[in-house]
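# Inside the fold
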Amino acid sequence: MSARSELRFPDNFIWGAATAAYQIEGAAQTDGRGPSIWDTFSRTPGKVFQGHTGDVACDHYHRYADDVALMAELGLQAYRFSIAWPRIQPDGTGPVNPRGLDFYDRLVDTLLDRGIDPFITLYHWDLPQTLQDRGGWTSRETAEHFADYAVAVHTRLGDRVRTWTTLNEPWCSAYLGYGNGVHAPGEQDAAAAFRAVHHLLLGHGLATRALRAAGAEVLGITLNLADVQPADRESAADADAVRLVDGLHNRIFLDPLTGAGYPDDVLEHVSRLVEPTFIQDGDEKIIAAPIDLLGINYYSPTYVAGRPGGAGGGGAYPGTDGLLEFLPPVGPLTDMGWMIEPAGLTRLLERVAADYPGLPMIITENGAAFPDKSGSEGPDDTGRVADSDRVAYLDGHLRAVHEAIARGVDLRGYLVWSLLDNFEWAEGYRKRFGIVHVDYLTQRRTPKESARWYQEVISRNGL
Ligand code: GBH
């Protein structure tokens, strides 16, 4: 490819990869780790594909040094990982477990030795089970405990870690965890889902405030924002449906986080399902604690149609059954059955930049599950793991990111989901998102073709 046809990214653009504790670490009972809601959920029959659990996962807890060496080989500049709260406080409160912190201490030092910037996510869904027994995120106390936990981690790692993210995708924690029950803890209760939304946001605000006071440099949150599109651009009913889904998915988080408080139309919808007495005076001010960076996870667009009085299901969005319907995905799909539409990422980034100006963004997750062509058993005879569909997905989405930057969006970097094949929540190990193949029998890692392609992208800072 000639230099002229290259698509170059800004000079300081950050290239990296992401993972999450429960999805890769394993060592579920090692060094004093307490049980989390995902340990419980994955042991509940019928919840996770074939009863898979995170007990062993990628055994990253013991193999982190090799994994960091692999990251360095690929040229990653940043690595986003999450801390398992139950390793730090086995019961979710009280004195810290030093052996749990030791692991992340070693991981951070190994990353820094290799020149890789550690991006910490404090909560990627593995709530200590003891806190769930006391109501989990439906309980206000959990938000307060979360802030204490955040400070405990910062006290140990804050001298070396610059970038701190409070929550990963509170939408999933609330709506999938407490609303439709597809994720842990598996509750199915609309009121609980909205209580959880609020207490997650409150926990974010309390933790952000405390971490700021403790001197944390870069603070943020990661949201799985939705690019919500109408089935028919001419339809007023579809426009209403878009507004409702956008409210329950995006604005319910972005507005309070950026100081505007909960949107009126969203509060009105929530109030039809539960009286929001859990929102107390002063909470919105706490939630609006200033952040430096908004993490965005994007996989697929959302197309919705208005069906007033219809029988259609509103999916994971509490209180929307009979009001709207999601269109079945069309076109090329990933192994998750998700539509592939890079333009949705450009639209989403431009929209956030327009409606919430002055907030630097980073893609904290983007990627795709595909079955490896050479078979999930591992590399073919030539040692290769062919995944041209993943290369095409990543290439398309990086072009979409580049386009958003060209249109003026302040986007600081891109972290691919995921470094490794891993425990894909309710799908267990059958869905593979990694740019590195993991053979779960031998724990052997093999960089896929997408990893080699990404290495090249990073080294050229462009496509
Ligand atoms: C992320 O969640 C997680 O942060 C990460 O841990 C996970 O492994 C990764 O993505 C891949 O799943 O249900 O058909 O309506 C993303 C979760 C994906 C939830 C898209 C909402 C909507 C598609 N989101 N999903 S559908």
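Residues numbered from 1 in each chain as written. Predicted model: local features only at pLDDT ≥ 70, side-chain atom pairs only at ≥ 80, totals over all residues. Heavy atoms only, no water.

- Identification of the protein chain as Beta-glucosidase from Micromonospora globispora is taken from an unreviewed UniProt entry.
- Taken from UniProt, the Catalytic activity (unreviewed entry) comment for the protein chain reads in full: "Hydrolysis of terminal, non-reducing beta-D-glucosyl residues with release of beta-D-glucose." (UniProt positions renumbered as here; feature names shortened; annotations may be inferred.)

## As for the nonpolar core
- With 144 residues, the main nonpolar core has Trp38, Tyr104, Tyr123, Trp164, Tyr175, Leu294 and Tyr414 as its most contacted residues.
- When residues of this core are assigned to their parent elements, the largest contribution, 12 residues, is made by helix 9 (residues 190-213).
- Not counting residues within four places of it along the chain, the set of residues in contact with Tyr175 comprises Asn180, Gly181, Ala193, Phe194, Val197, Leu248, Ile252, Ala316, Tyr317 and Pro318.
- Ala78, Leu293, Ile362 and Leu415 belong to the second largest nonpolar core, which has six residues in total. (Core = buried A, V, L, I, M, F, W, Y, C linked by side-chain atoms within 4.5 Å. Buried < 20%, exposed > 50% of the residue type's maximum accessible area, 1.4 Å probe, protein only. Helix = DSSP H or I, 4+ residues; strand = E, 2+ residues; numbered from the N terminus. Contact = heavy atoms within 4.5 Å.)

## Topic: the site of the ligand
- As a matter of local geometry, the ligand sits amid 15 residues, with Gln23, His124, Glu169, Glu424 and Trp425 nearest to it.
- A distance of 2.8 Å is found between an oxygen atom of the ligand and a side-chain nitrogen or oxygen belonging to Glu365.
- A distance of 3.2 Å is found between an oxygen atom of the ligand and a side-chain nitrogen or oxygen belonging to Trp417.
- Protein chains shield 70% of the accessible area of the ligand, which is 580 Å² for the free molecule.
- Judged by the fraction of its atoms near the pocket grid, the ligand is located in the largest pocket.
- Grouping the constituent residues of the shell around the ligand by class yields eight nonpolar, four polar and three charged. (Near = heavy atom within 4 Å. Polar contact = N/O pair within 3.5 Å; in protein donor to acceptor, adjacent residues only side chain to side chain. Areas by Shrake-Rupley, 256 points an atom, 1.4 Å probe, with all protein chains shown as cover. 1 Å grid on protein atoms, 1.4 Å probe; cavity = no way out; pocket = protein on both sides within 12 Å on 5 of 7 lines; lining within 4 Å. Sits in = over half its atoms within 2 Å of the grid points. Nonpolar A, V, L, I, M, F, W, Y, C, P; charged D, E, K, R; others polar.)

## Quick look at the environment of Phe103
- Within the secondary structure layout, Phe103 lies in helix 5 (residues 98-113).
- What makes Phe103 buried here is its relative accessible area of 0%.
- Residues in contact with Phe103, not counting those within four places in the same chain, are Glu25, His60, Tyr61 and Tyr64.

## Details of helix 15 (residues 449-460)
- Over its 12 residues, helix 15 runs 17 Å from end to end, which matches the ideal 16 Å to within 8%, given 1.5 Å per residue.
- For helix 15, the complete set of buried residues consists of Ser450, Ala451, Trp453, Tyr454, Val457 and Ile458. Looking straight down helix 15, one finds that the buried residues subtend no more than 160 degrees of arc, so they occupy a single side.
- Along its buried surface, helix 15 packs onto strand 1 (14-18), helix 3 (60-74), helix 14 (388-406), strand 11 (411-417) and strand 13 (444-447). (Expected span 1.5 Å × (residues − 1). Arc of directions from axis to C-beta.)

## Regarding the UniProt feature "binding site: substrate" (unreviewed entry) in the protein chain
- Under the UniProt annotation, "binding site: substrate" (unreviewed entry) lies at Gln23, His124, Asn168, Tyr299, Trp417, Glu424 and Trp425. Set against the largest pocket, the annotated residues named above that line it are Gln23, His124, Asn168, Tyr299, Trp417, Glu424 and Trp425.
- With respect to the helices, strands and loops of the structure, Tyr299 is situated in the loop between strand 7 (293-297) and strand 8 (302-306).
- Of the residues examined, Tyr299 reaches a relative accessible area of 13% and is grouped as buried.
- Sequence-distant contacts of Tyr299, defined by excluding residues within four places in its chain, comprise Trp338, Met339, Glu365, Asn366, Gly367, Tyr393, His397, Trp417 and Phe433.
- Here the side chain of Tyr299 touches Glu365 through a polar contact of 2.6 Å, side chain to side chain.
- Take Trp417: it is sitting in strand 11.

## Quick notes on the sheet that holds strand 10 (residues 361-365)
- Around the barrel, which closes on itself, the eight strands sit in the order 1-2-3-4-5-7-10-11 with parallel pairing between neighbours. Across this sheet, the average inter-strand angle for adjacent strands is 25 degrees, counted without regard to direction.
- Sheet analysis places strand 10 next to strand 11, joined by two bridges and oriented parallel. Looking at strand 11, one finds that Met361 is bridged to Leu411.
- Against the sheet, helix 5 engages strand 2 (78-82) and strand 3 (117-123), with an angle of about 170 degrees to strand 2. (Pairing = 2+ DSSP bridges. Axes fitted to C-alpha atoms, helices over the stretch in contact; angles between N-to-C directions.)

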